[in-house]
Amino acid sequence: LDRSSAASDVYKRQPEGRERVEAAIRALGYVPSAIARSLKSNNTRTLGMLIPNSSNPYFAEIVHSVEDRCFGAGYNVILCNTNDEAHRQGTYLQVLAERRIDGLIVVSTGHDATLATQLAGLSIPTVLVDREIDIAEQQPCDLVETAHMQGGLLATRHLLSLGHRRIACIGGPEGIAPLSLIHI
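Residues numbered from 1 in each chain as written. Predicted model: local features only at pLDDT ≥ 70, side-chain atom pairs only at ≥ 80, totals over all residues. Heavy atoms only, no water.

Enquirer: Where do I start with the overall build of the chain in this structure?
Expert: Summing up its helical and strand segments, the chain has seven helices and five strands in all. Ordered by position in the sequence, the α and β elements of the chain form the string α-α-α-β-α-β-α-β-α-β-β-α. Residue burial in the chain is summarised as follows: out of 184 residues, 26% are buried. Contacts spanning at least 24 positions in sequence make up 50% of the contacts within the chain whose residues lie at least 6 apart. Split by element, the accessible area of the chain, about 12,700 Å² in all, is 54% carbon and sulfur. (Helix = DSSP H or I, 4+ residues; strand = E, 2+ residues; numbered from the N terminus. Buried < 20%, exposed > 50% of the residue type's maximum accessible area, 1.4 Å probe, protein only. Contact = heavy atoms within 4.5 Å. Areas by Shrake-Rupley, 256 points an atom, 1.4 Å probe, with all protein chains shown as cover.)

Enquirer: Is there a simple way to explain unusual backbone geometry in this structure?
Expert: A positive phi angle is found at Arg100, which is not glycine, with a value near 55°. Topologically, Arg100 is positioned in the loop between helix H5 (86–98) and strand E3 (103–106). Unusually for a residue other than glycine, Ser123 sits at a positive phi of about 55°. When you line up the elements, Ser123 lands in the loop between helix H6 (115–120) and strand E4 (126–129). Take Ser123: its relative accessible area is 60%, and that puts it in the exposed class.

Enquirer: Quick question: what am I supposed to make of the sheet that holds E4 here?
Expert: By definition, the strands of a sheet pair up through backbone hydrogen bonds, in either a parallel or an antiparallel sense. Spatially, the five strands line up as an open sheet ordered E2-E1-E3-E4-E5, and their pairing is parallel. Each end of this open sheet is capped by a strand with a single partner; those strands are strand E2 (76–81) and strand E5 (142–144). Across the sheet, the mean angle from the axis of one strand to that of its neighbour is 20°, orientation sign disregarded. Judged from the six bridges that link them, strand E1 (residues 46–51) and E2 form a sheet pairing that is parallel. When the bridges of E2 are listed, Thr46 appears paired with Asn76. Contacting E1, E2, E3 and E4, helix H4 (residues 57–72) runs over the sheet at an angle of about 175° to E1. Along the sheet, H5 makes contact with E1, E2 and E3, crossing E1 at roughly 180°. (Pairing = 2+ DSSP bridges. Axes fitted to C-alpha atoms, helices over the stretch in contact; angles between N-to-C directions.)

Enquirer: Could you clarify how one ought to interpret the packing of aromatic side chains in this entry?
Expert: The description of an aromatic ring pair uses the distance of the two centres, along with the angle that the planes make with each other. Under the definition given, this model contains one aromatic pair. With a centroid separation of 5.4 Å and 65° between ring planes, the pair formed by Tyr58 and Phe59 is classed as edge-to-face. By relative accessible area, which is 34% here, Tyr58 ends up partly exposed. Among the residues examined, Phe59 registers a relative accessible area of 7% and is labelled buried. Above the face of the Tyr75 ring, Arg45 is positioned so that its terminal group lies 4.0 Å from the ring centre. (Phe/Tyr/Trp six-rings, centres within 6.5 Å; stacked < 30°, edge-to-face > 60°. Lys NZ or Arg CZ within 6 Å of the ring centre and 35° of its normal.)

Enquirer: Which parts of the structure should I look at to understand the pairing of E1?
Expert: Within E1, six of the six residues are buried, leaving the element largely enclosed by the surrounding structure. Crossover E1 to E2 through H4 is right-handed. Note: E1 against E3, four bridges, orientation parallel. Pairing of Leu50 across the sheet is with Val106, part of E3. (Right-handed = clockwise from strand over helix to strand, strands pointing away.)

Enquirer: Would you take a moment to explain the nonpolar core for this structure?
Expert: In globular proteins that are soluble, nonpolar side chains generally tend to be buried together. Formed by 13 residues in total, the largest nonpolar core has its most connected members in Leu50, Leu93, Leu96, Leu104, Val106 and Leu119. The biggest single contributor to this core is H5, with three residues. Setting aside anything within four residues of it in sequence, one finds Leu96 in contact with Gly48, Met49, Leu50, Ile78, Cys80, Ile101 and Leu104. Membership of the second largest hydrophobic core comes to 11 residues, among which are Leu47, Met49, Ile62 and Val66. (Core = buried A, V, L, I, M, F, W, Y, C linked by side-chain atoms within 4.5 Å.)

Enquirer: Looking at this structure, I do not really get a nonpolar patch on the surface. What am I missing?
Expert: A surface patch of nonpolar side chains, about 310 Å² in accessible area, is lined by Leu159, Leu160, Leu162 and Ile167. Inspection of the secondary structure puts Leu159 in helix H7 (residues 148–161). (Patch = residues over 30% accessible without salt bridge, like charges linked within 9 Å, V, L, I, M, F, W, Y side chains within 5 Å. Salt bridge = Lys/Arg side-chain N within 4 Å of Asp/Glu carboxyl O.)

Here's what the structure looks like:
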């Protein structure tokens, strides 16, 4: 029996030993092993999240919202900042898979031709955020996307209503969907 099992057994069968077990737990500084618990339950209560740039306020807001919702649902989030580097993104995917995460949230690096293949090989439930990629049918991903066209239209109408007539739009790097889909 490990300590956790012994402690649990005493709690259930010998209530008079409860104080001794609690004292021993405090004295030893015992902390239950999340790894051992995850092996038994096949569940880590941990999600991985890949983002291209943690210093970008747009991604920081997404991370904040995701982490807040996950915490409320009893999940931890392992945040991985890829710095828009395909190699780093691939390395983080491997690390997260090795940690047996329960799910993956990906705001992909824009220039990684291997991402779809890497995700298909993981067999981890995955949600793509704001950047759609073509992925094999055997590993479908959900997609959460900003309504860029509608947002651009609302912003333009607002600026026009204020009397502005010379309006420009500055976007992110070319070739990163959905920014490549925007036409103003």
